[in-house]
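Chain by chain, the residues:
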Amino acid sequence: PGSGEILKALRYLNDGSPILLVLSNHFGDCYNSGIACDVAGREGIPVTRMIICDDVSSAPVELEEERRGLTGTILILKMIGAAAEEGADLEEVRRIGEKAKKGTGTFAMSLSGCYNPLVDRETIILGEDEVELGVGMHGEGGNRRVRVRTAREYAEIIMDALTGSKEL
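Residues numbered from 1 in each chain as written. Predicted model: local features only at pLDDT ≥ 70, side-chain atom pairs only at ≥ 80, totals over all residues. Heavy atoms only, no water.

1. Remarks on the pattern of salt bridges
Okay, so step 1: Under the definition given, this model contains eight salt bridges.
Okay, so step 2: Two residues, R95 and E92, come together in a salt bridge whose shortest N-O distance is 2.8 Å. Within this pair, R95 and its partner E92 are both found in helix α4 (residues 90-102), separated by three residues, close to a single helical turn.
Okay, so step 3: Exposure remark for R95: the relative accessible area of 44% places this residue in the partly exposed category.
Okay, so step 4: Each of E130, E132 and R145 takes part in one network of salt bridges that share partners. (Salt bridge = Lys/Arg side-chain N within 4 Å of Asp/Glu carboxyl O. Helix = DSSP H or I, 4+ residues; strand = E, 2+ residues; numbered from the N terminus. Buried < 20%, exposed > 50% of the residue type's maximum accessible area, 1.4 Å probe, protein only.)

This is the structure in structure tokens:
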């Protein structure tokens, strides 16, 4: 969503209690939420952002905060949502979210091409015997293309990336 929509949501939620805004690390999401949070702060709305960077294929471990957000965001949202529903205060919800963030890693791959209807073109074009490793959730190309392998070989590549034992 744009910054205007995010700001509308923050205003709607504002009852004087602190708000935790959780988002995936994507340029547009970070940019728009940053603008909305700045304006909200000037209006006295207490809001803090938590940016999820779980895609282990998009940056090495020493640049962890530069990693893209992927589907790990959903798991973290479920955990912090459950804590909030049980009555945890914002600091406890945030602590749980930060702990979950540190323990969450994702890795995506594509077995077929990807078509983006917004730009009316394929963003990933694969041959019949190719697989794209490290793709983004919006069809962004990955960082390595390999020939079709066995499930065991893919599992090894993914586990090496998730555990940080090998760079992709």
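Following the structure, the description resumes.
2. Considering the pairing of strand β6 (residues 130-133)
Okay, so step 1: The side-chain alternation of β6 yields two buried faces, one formed by E130 and E132 and the other by V131 and L133.
Okay, so step 2: The pairing of strand β3 (residues 109-110) with β6 spans two bridges and is antiparallel. Each bridged residue has a counterpart across the sheet, and for S110 the counterpart in β6 is E132. (Pairing = 2+ DSSP bridges.)

3. Section: the packing of helix α3 (residues 72-85) against α4
Okay, so step 1: Interhelical geometry of α3 versus α4 gives an angle of 155° and a closest axis separation of 9 Å. Considered as vectors, α3 and α4 are oriented roughly antiparallel to each other. With respect to the hand of their crossing, α3 and α4 are arranged in right-handed fashion. Residues I76, M79, I80, A83 and A84 of α3 lie in contact with α4, whose contacting residues are V93, I96, G97, A100 and K101.
Okay, so step 2: A class-by-class count of the residues in the contact of α3 with α4 yields eight nonpolar, one polar and one charged. (Axes fitted to C-alpha atoms, helices over the stretch in contact; angles between N-to-C directions. Parallel < 35°, antiparallel > 145°, perpendicular 65-115°, else oblique. Left-handed = near helix turned anticlockwise from the far one by under 90°. Contact = heavy atoms within 4.5 Å. Nonpolar A, V, L, I, M, F, W, Y, C, P; charged D, E, K, R; others polar.)

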